[in-house]
Amino acid sequence: MSTSPEAPGSETPKIDSSVSHSARIWNYWLGGKDHYPVDQEVGDQVLAFVPELVRSARADRYFLARAVRYLIAQGIRQFLDIGTGLPTVDNTHEVAQRAAPESRIVYVDNDPLVLVHARALLTSTPEGACDYINADVHDPESILRQAARTLDFGQPVAIMMLGIVNFIMDTDQAAGIVRRLMEATVPGSYLVISHPTTEVDAKAMTEAVGFWNQQGSAPMTLRTREELLRFFDGMELAEPGVVTCSRWRPDVMEVGETADVTHFGGVARKT
Amino acid sequence: MDVARARASEGRDVRQPGAGRSSARLVLGARLRRLREAAGVSPETACKTIRASRSKISRLELGRTGFKLRDVADLLTLYGVRDDAERATMLALVEHTNADSWWQEYADVVPAWLEEFLDLEQAATLIRAYEVAYVPGLLQTKDYARAVLWSGHPATRGMDAERRVRLRLGRQRVLHRAEPARLWAVIDETALRRPVGGGAVMRAQLRYLIEASRLPNVNIQVLPLSAGGHPAAGGGLTMLRFSESELPDVVYLEQMLTAVYLNRPADTAYYLDVLNRLAAQAEELDATAITLERILSGIT
C-alpha cells in the first residue's frame, strides 16, 4: 500500500497500511472487503495455527447479534459498544434499531481507520442516535465522559465489550476497567463480553497469539473461562452463563451444526 | 433544485432498468468461476471450449461482458453440471443478463468505455468517490451537469447535450430507489469553489449538496485546501463495492477519452487505502453542512 514514506510535515492521520492491523484482519476473517493484502497474509498465517478461528470470529458476530436482541427484549435501549472494529453486517446499532428504532448507540474505538468508517457507515435511524468517540479501552474515564453526550447514565445501559478486553494484557487491570465502567451505570444495566480463550485447543491458540503479537498490530492475550467469570463478579449472569459463543442462546436454525469455538461470551445484569 | 424534484425529474427521464441486469451478470460470472475452480478446469481449457480468447473467460467470470446461451451451456457441461434444474437456473440468468441496460435509450451518447461503468454503478451497494475538479456526477444538479458538459472539449459538444444531461441524471436513481446504494464522497474544496455555470448555478448546486448530505445514504466529506498535500493528488477516482461476497471491488478512473477499470486486489487495495486516507484527512461528516454554507456565502 504505502510504497512511499510519508512526506515530512504530512498531516495524514496515522493510518498505517504497511503492517497488518487487527481490525482489518478481523474484517478479512469475517469475509469483509476492507482489508489489504498484508492483512490477508498475516490472517492466513494465524489461521495456519488455528483454522477454526474463522468460524470463531463469525460465531462471535452472531453472538453479538443475539445478545443485542436479548437486551432489546429486556428493555435496553442504550448501548456503549467499546472496540467497534470495521463495519460489517449486523453492527450493534443495526440489530438494535431494527427491533427498537429509538435505540441510542455510542461506538468507541481509538483507531483512525475504524473511526472514519464508523462515522460514514454506522448511521442511525432518525428516531435513535449513534455517536462515535475516539478513546482507548484503557481510559474508562474518557469513554464515560464522552459517552454521556449521547447516553443517559441515569437509565440502564448495555456495556458491550466484544473482542476488546483481550487487548488489556493484565487481568487485574482489565477487571478494574470493567468494574469502573459498570460503576457508572444504574442497576438494570448489562455487561456483554466476548473473549478468545484457551478453552478450546489451548496449545494452537497460544501459538497463534504468540505469532500475532510479533506482527506489529496491538498485542492481545487469551484467558480462561474462570478468568472471564471474574469480569462479571457481583452481577447476575443470564443463562447459560459464560460459554462458547456458538452455544449462547443459539437460534433454532443454528442448532444443527453447533461446535465449540475459542471465543467465549456472556451477558450479565447489574442488580 | 431540491432532492425531491431531482427524484421526480429522473423518474420521468429514465425507464426502469432491466431489473438488476448487471448484478445478475456479476453473480453469474462469479458462479461460473466457482464451478470452474471446483471442477479443476483451467481457464485455457474453458476458453477452448467456447472458442474464445483467454481474456474472454476472465471478463465473463468478472461479469464484465455479455453471455451467450450456448457458451454458458457448454461451460456447464464442461464443469460437470448435469442437474437440469441447476442448468435451467443458470441459463435463465443468462437471458436475464441479456435484457437491455437502463441506458440503452441513450446509447448514441454513451462511449464504449463508459458502458460498463453505467451498469456496475447501478449494481453497487457502496460507491466511494473522490472528486477534485467537479461535484461528483451522482450529486450534480441538472444545470450544473449541463454546464460541466458544455465546458468540455469542443469535440464533445456536438453530441446531443441534453441527452447527455439526462443520462447523467439517470445515474442518480441509484441513490433514490427503494434500496438505494450508499454514496461516500470526498469532495475537494476546489470543486466546491469553482463556479461552473456561473454563480447562480453554483449556488443552487451547493444548496442541493447541503440537502443531499442529509440523506441517510449519502455521506459527503469536504477535503479543505488547508489539508495540504494528500495521497490522491493525481485526480479523482471511484470505487464500487457489491454485496456479493465473491465480487471484488472495482476502481474506475475516468480520463478524457477513455477510462481504466481495476479489480485485481493488489490494485484496488491501493486505491482503497487512498480513499481511507482521504476520508481520515478530510473534515468530519458533521462539519460538511457548515462548510458548504460558508462556501455558498462566498460565491457571488
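## Let's talk about the overall build of chain A
Scanning chain A from terminus to terminus reveals 9 helices and 8 strands. Computed over C-alpha atoms, the radius of gyration of chain A comes to 18 Å, within 12% of the 18 Å expected from 2.2 N^0.38 for 271 residues, which places it in the range of a compact globule. In chain A, which comprises 271 residues, the proportion classed as buried is 55%. Accessible surface for chain A amounts to roughly 11300 Å². Of this, 51% is attributable to carbon and sulfur atoms. Separation of charge centres in chain A, based on 24 positive and 36 negative side chains, amounts to 4 Å.

## So, the sheet that holds strand β5 (residues 250-254) of chain B
By way of backbone hydrogen bonds, the strands of a sheet pair with one another, either parallel or antiparallel. Residues and elements named next belong to chain B. Taken in spatial order, the 6 strands line up as β3-β2-β1-β4-β5-β6 in an open sheet, and their pairing is mixed. The two strands at the open ends of the sheet, each matched to only one other strand, are β3 (218-223) and β6 (259-262). Within this sheet the neighbouring strands show an average axis-to-axis angle of 15 degrees, counted without direction. The sheet contact formed by strand β2 (residues 182-188) and β3 spans 6 bridges and is parallel. The residue of β3 that forms the bridge with W184 is N219.

## Some points on the pattern of salt bridges
Going through the model one piece at a time under the given rule, you end up with 25 salt bridges over all chains. A salt bridge links R98(A) to D90(A); the nearest nitrogen and oxygen atoms lie 2.5 Å apart. A single network of salt bridges, built from pairs that share partners, joins D34(A), R241(B) and D249(B).

## Topic: the packing of aromatic side chains
The final tally for this structure, using the stated rule, is 10 aromatic pairs over all chains. The interplanar angle of 90 degrees and the centroid separation of 6.4 Å between the aromatic rings of Y70(A) and Y190(A) together place this pair among those described as edge-to-face. Remark: Y190(A) occurs in strand β5 (residues 190-196) and Y70(A) occurs in helix α3 (residues 53-73); sequence separation between them is 120 residues. By relative accessible area, Y70(A) is classed as buried at 16%. A network of ring pairs unites the aromatic residues F63(A), Y70(A), Y190(A) and W248(A) as a single cluster. The ring of W184(B) carries the charged tip of R128(B) above its face, separated from the ring centre by 4.0 Å. Sitting over the ring of W102(B), R173(B) keeps its end group 5.1 Å from the ring centre.

## A look at the interface of chain A and chain B
The partner chain B presents 26 residues to the 22 residues of chain A that form the contact. Taken over both partners, the interface formed by chain A and chain B buries close to 2000 Å², and the fraction arising from carbon and sulfur atoms is 55%. The element that contributes the greatest number of residues to the side of chain A that touches chain B is helix α5 (residues 112-121) of chain A, accounting for 6 residues. Its residues placed into classes, the side of chain A that touches chain B shows 9 nonpolar, 7 polar and 6 charged.

## Re the environment of Q40(A)
Residues and elements named next belong to chain A. Tracing the chain through its elements places Q40 in helix α2 (residues 37-49). Judged by relative accessible area, which is 33%, Q40 ranks as partly exposed. Taking the C-alpha atoms as reference, Q40 lies 16 Å from A218; in sequence the two are 178 residues apart. Beyond its immediate sequence surroundings of up to four residues, Q40 is in contact with Y28 and H35.

Each value, and the rule that gives it
- Residues numbered from 1 in each chain as written.
- Chains lettered and ligands numbered in written order.
- Predicted model: local features only at pLDDT ≥ 70, side-chain atom pairs only at ≥ 80, totals over all residues.
- Heavy atoms only, no water.
- Helix = DSSP H or I, 4+ residues; strand = E, 2+ residues; numbered from the N terminus.
- Rg over C-alpha atoms; globule rule 2.2 N^0.38 Å.
- Buried < 20%, exposed > 50% of the residue type's maximum accessible area, 1.4 Å probe, protein only.
- Areas by Shrake-Rupley, 256 points an atom, 1.4 Å probe, with all protein chains shown as cover.
- Lys, Arg positive; Asp, Glu negative; His and termini not counted.
- Charge placed at Lys NZ, Arg CZ, Asp CG, Glu CD.
- Pairing = 2+ DSSP bridges.
- Axes fitted to C-alpha atoms, helices over the stretch in contact; angles between N-to-C directions.
- Salt bridge = Lys/Arg side-chain N within 4 Å of Asp/Glu carboxyl O.
- Phe/Tyr/Trp six-rings, centres within 6.5 Å; stacked < 30°, edge-to-face > 60°.
- Lys NZ or Arg CZ within 6 Å of the ring centre and 35° of its normal.
- Contact = heavy atoms within 4.5 Å.
- Buried area = accessible area lost by both parts, 1.4 Å probe.
- Nonpolar A, V, L, I, M, F, W, Y, C, P; charged D, E, K, R; others polar.

Honestly, that's just the spatial picture; any functional story needs more than this.
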